[in-house]
Amino acid sequence: MKVFIACLGTETNTFSSLPTGMQTFEDTMVYRGDATSRPATTFSLPLHVWRRATEEQQGQVVESLAAFAQPAGLTVRTVYEGFRDEILADLRAALPVDIVLLSMHGAMTAEGYDDCEGDLLARVREIVGPDIVIGGELDLHCSITPEMVENADALVLFKEYPHVDVGERAGELFRICLAAHQKQVRPVMALHDCRMINMWRTPVEPMRSVVADMKAAEGGDGILSVSFAHGFPWQDVPRTSAKVLVVADGDAEHASETARGFGRRIWELRHETLQETFGIDEALDLIEAGPGPVVAADVADNAGGGAPSDSTFILTRMLERGTSGVLSGYYWDPVAVRFCEEAGEGATLAVRIGGKCGPDSGDPVDLTVTVKRILHGARQTFGDASMGMGTAIWLAAESGIDLILTSTRTQVFHPDGMTALGIRIADYRGIIVKSTQHFYAGFAPVASKVLYVAAPGAIPPDFAAIPYGRFDEPYWPRVEDPHRD
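Each chain carries its own residue numbering, running from 1 in the written order of its sequence. Residue-level local features of this predicted model are given only where pLDDT is at least 70; pairs of side-chain atoms are given and counted only at 80 or more, and the full residue set underlies all totals for whole chains, interfaces and linings. Calculated side-chain values reflect all of the structure's heavy atoms, with hydrogen atoms and water omitted.

### Description of the sheet that holds strand S6 (residues 154-157)
Through backbone hydrogen bonds, the strands of a sheet pair up, either in parallel or in antiparallel fashion.
For step 1, the next point in the chain: Two strands qualify as a pair provided DSSP detects at least 2 bridges between them. Helix numbering and strand numbering both begin at the N terminus, where a helix is a DSSP run of H or I of at least 4 residues and a strand a DSSP run of E of at least 2. What the six strands build is an open sheet, ordered S2-S3-S1-S4-S5-S6; its pairing is mixed. Edge positions in the open sheet fall to strand S2 (29-32) and S6, since each of these has one partner strand only. The sheet shows a mean angle of 15 degrees between the axes of neighbouring strands, taken without regard to direction.
For step 2, the next point in the chain: In this sheet, S6 lies alongside strand S5 (residues 133-138) in parallel orientation, the contact comprising four bridges. Following the sheet pairing, leucine 138 is matched in S6 by leucine 157.
For step 3, the next point in the chain: Helix H4 (residues 116-128) contacts strand S1 (2-9), strand S4 (99-103), S5 and S6 of the sheet and is inclined by roughly 165 degrees relative to S4.
For step 4, the next point in the chain: Contacts between helix H6 (residues 166-181) and the sheet are confined to S4, S5 and S6, with S5 contributing the most and set at about 165 degrees to the helix. Axes here refer to lines fitted to C-alpha atoms; in helices the fit is confined to the stretch in contact. Angles between the N-to-C directions go from 0 to 180 degrees. Residues are treated as being in contact if the distance between any of their heavy atoms lies within 4.5 Å.

This is the structure in structure tokens:
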């Protein structure tokens, strides 16, 4: 058995002015045939799982490109086509193969390509023909298209948000594809459009039970896999809305019925799952009232959603109010990082923080700070993977607010990215994290409460007001009942 594995992806915020070019990929992850000999990241982890599983079956692995970029705006056309064609060339050279496994995001858009994953899968199918098993693992924030479903035998999505189950889902996909190759099952897929735009947080009810029941439905009665594609709200493409995807063994109608059943359940929970958000002053009132640490997510400036991660709206308001005892990060500010590196640990200097990437970043903030710690090659945990932060700088401002700057644009995933700098989380009344939900698994256990803040920024959480142009279908919450024809 010969298994071909590769990775290509990013999450595209089509409203973002930040282009996704070669440098963004190289700053995040580009490995050519050797990703499984490197530390696992979120999107290379499936390749590690697939290699181990194939070798346990005494199979041969052909490993191709593993390229992933921090979310931003449209991928440059030549960059996408170059990476895609590199994978396709490796696949042709590897023929004949028995299984093709691809780690992708599912919300990648490039110049001239609304659906990069559908395009890649179609070209892979053209090369290997109709009888070779093709499987794909996708982020749950994906826009599943008919082209993806038509050209893959099985698609499996992360079930958890935060994404703590990447390796588990990779194993699930491998087992389905192996069984299909061995003619033990005949995967068929069905898709149900929920006609909803939202962010569903799976660690808490009611979504915790929905995910548990999705898992319970698998492995019995011919159902091989159940996935809920939350969609990525800031990808303006024709099929952005949330969907349920079911893989069944040979029974397309049963797959459709199962997908509709989970879709109806999620629809009925729509008001209960709509995330409560707080204004900036409301959040700061709660931080100042204590007890701490209160963890507040600056969801509109999440690098993982394509935002710059340098907005200053909350920081500016804290300074205006005289709020102190708060730690805020991560601010992507390579210029300020450079100045602090030059000054060195222990130095006090005036720096201009943030506000560099456009109107969604707010205005730059001038502060007098002391450089508490400089850490090169900083990393933080994300599920079973480790994510790079570049150079991280811990700053203490005279105002009583501490900041963390990074040279690599990244969101906050885990407290160990902070504690590696010598920071004690418990010392602060409030922790302001630039993230939407991936921080939750690490920070919820140490937080007195967790808040989601609706500050201005590149990805504001008002789903009814997202200015779509290409996605023109009715959806909730913009339309109360989008299912009414």
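Once the structure has been displayed, the description carries forward.
### Observations concerning the sheet that holds strand S15 (residues 401-406)
For step 1, the next point in the chain: What the eight strands build is an open sheet, ordered S12-S13-S14-S15-S11-S16-S10-S17; its pairing is mixed. Looking at strand neighbours, the two that pair on one side only are strand S12 (348-353) and strand S17 (449-453), the edges of this open sheet. Along the sheet, successive strands turn relative to each other by an average axial angle of 30 degrees, direction set aside.
For step 2, the next point in the chain: Pairing analysis gives four bridges linking strand S11 (residues 326-332) to strand S16 (residues 430-433), with the strands arranged parallel. In the sheet register, valine 326 faces S16, and the bridge partner there is glycine 430.
For step 3, the next point in the chain: Here helix H10 (residues 280-289) sits on the sheet in contact with strand S10 (294-298), S11, S16 and S17, set at roughly 160 degrees to S17.
For step 4, the next point in the chain: Strands S11, S12, strand S13 (365-382), strand S14 (385-397) and S15 of the sheet are contacted by helix H12 (residues 334-343), whose axis makes an angle of about 65 degrees with S14.

### A word on the packing of aromatic side chains
For step 1, the next point in the chain: Note on aromatic pairs: the rings of Phe, Tyr and Trp (six-membered ring only in Trp) are paired at centre separations within 6.5 Å, and the planes decide the class, stacked below 30 degrees, edge-to-face beyond 60, tilted for the rest. Tallied over the full model, the rule gives 15 aromatic pairs.
For step 2, the next point in the chain: Aromatic side chains tryptophan 200 and phenylalanine 228 sit 4.9 Å apart centroid to centroid with 70 degrees between the ring planes, which places their arrangement in the edge-to-face category. In this pair, tryptophan 200 sits in the loop between strand S7 (187-193) and helix H7 (207-217) while phenylalanine 228 sits in strand S8 (residues 223-229), placing the two residues 28 residues apart along the sequence. In terms of burial, tryptophan 200 and phenylalanine 228 fall into one category: buried.
For step 3, the next point in the chain: Judged by centre distance (6.0 Å) and plane angle (55 degrees), the ring pair of phenylalanine 439 and tyrosine 452 falls under tilted. Here the residue phenylalanine 439 occupies a position in the loop between S16 and helix H14 (440-443), and tyrosine 452 occupies one in strand S17, the gap between them amounting to 13 residues. There is no split in this pair, since phenylalanine 439 and tyrosine 452 are both buried.
For step 4, the next point in the chain: Aromatic ring contacts, followed pair by pair, group Phe15, Tyr468, Phe471 and Tyr475 into a single cluster.
For step 5, the next point in the chain: Counted as over-ring charges are cases with an Arg CZ or a Lys NZ within 6 Å of the ring centre that also lie within 35 degrees of the ring normal. The ring of tryptophan 394 has lysine 372 sitting right over it, with the charged end atom 5.4 Å from the ring centre.
For step 6, the next point in the chain: Over the face of the ring belonging to tyrosine 331 we find lysine 434, whose NZ or CZ atom lies 4.7 Å from the ring centre. Relative accessible area decides the class of each residue, using a 1.4 Å probe on protein chains only: under 20% of the type maximum gives buried, over 50% gives exposed, and in between gives partly exposed.

### A closer look at the pairing of strand S3 (residues 60-68)
For step 1, the next point in the chain: Across the nine residues of S3, eight count as buried, placing the element largely inside the fold.
For step 2, the next point in the chain: With seven bridges connecting them, S1 and S3 associate as parallel partners. Across the sheet, residue phenylalanine 4 finds its bridge partner in S3, namely valine 62.

### Quick look at the nonpolar core
For step 1, the next point in the chain: Judged by nonpolar contacts, the single largest core of 90 residues is most densely connected at Phe4, Leu8, Trp50, Val100, Leu101 and Leu155.
For step 2, the next point in the chain: Looking at which element gives the most residues to this core, the answer is H6, with nine residues.
For step 3, the next point in the chain: Apart from residues lying up to four places away in sequence, leucine 155 is in contact with Leu121, Gly136, Leu138, Met148, Val149, Met189, Ser227, Leu245 and Val247.
For step 4, the next point in the chain: To qualify as a nonpolar core, a set must consist of buried Ala, Val, Leu, Ile, Met, Phe, Trp, Tyr and Cys residues joined through side-chain atoms within 4.5 Å. If you look at the next biggest cluster of nonpolar residues, it comprises 33 residues, including Ile374, Ile393, Leu403 and Ile432.

### Some details on a negative patch on the surface
For step 1, the next point in the chain: Two joining distances apply to patches: 9 Å for like charges and 5 Å for nonpolar side chains (Val, Leu, Ile, Met, Phe, Trp, Tyr), and every residue must have over 30% relative accessible area and no salt bridge. Residue exposure ignores everything except the shown protein chains as possible cover, and the areas themselves are Shrake-Rupley values with a 1.4 Å probe. Any Lys or Arg side-chain nitrogen found within 4 Å of a carboxyl oxygen on Asp or Glu counts as a salt bridge. We treat Lys and Arg as the positive residues and Asp and Glu as the negative residues; His and chain ends play no part in the count. Here the site of a charge means NZ on Lys, CZ on Arg, CG on Asp, or CD on Glu. Taken together, the side chains of Asp221, Asp249, Asp251 and Glu257 present a region of like negative charge at the surface.
For step 2, the next point in the chain: Along the chain, the position of glutamate 257 falls in helix H8 (residues 252-268).
For step 3, the next point in the chain: Note on glutamate 257: relative accessible area 43%, which makes it partly exposed.

### Concerning the pairing of S1
For step 1, the next point in the chain: Along S1, eight of the eight residues are buried, which leaves the element largely enclosed by surrounding structure.
For step 2, the next point in the chain: Pairing geometry for S1 and S4, over five bridges, is parallel. Bridging from a neighbouring strand, isoleucine 5 pairs with leucine 101 of S4.

### Observations concerning helix H2 (residues 45-56)
For step 1, the next point in the chain: Helices are assigned an expected span. That span is 1.5 Å times one less than the residue count. With twelve residues, H2 extends 17 Å from end C-alpha to end C-alpha; this agrees with the ideal 16 Å at 1.5 Å per step.
For step 2, the next point in the chain: Within the span of H2, buried status applies to Leu45, Pro46, Leu47, His48, Val49, Trp50, Ala53 and Thr54.
For step 3, the next point in the chain: Backbone geometry just downstream of H2 places glutamine 58 in the positive-phi region, at approximately 65 degrees.

By themselves these figures say nothing about function.
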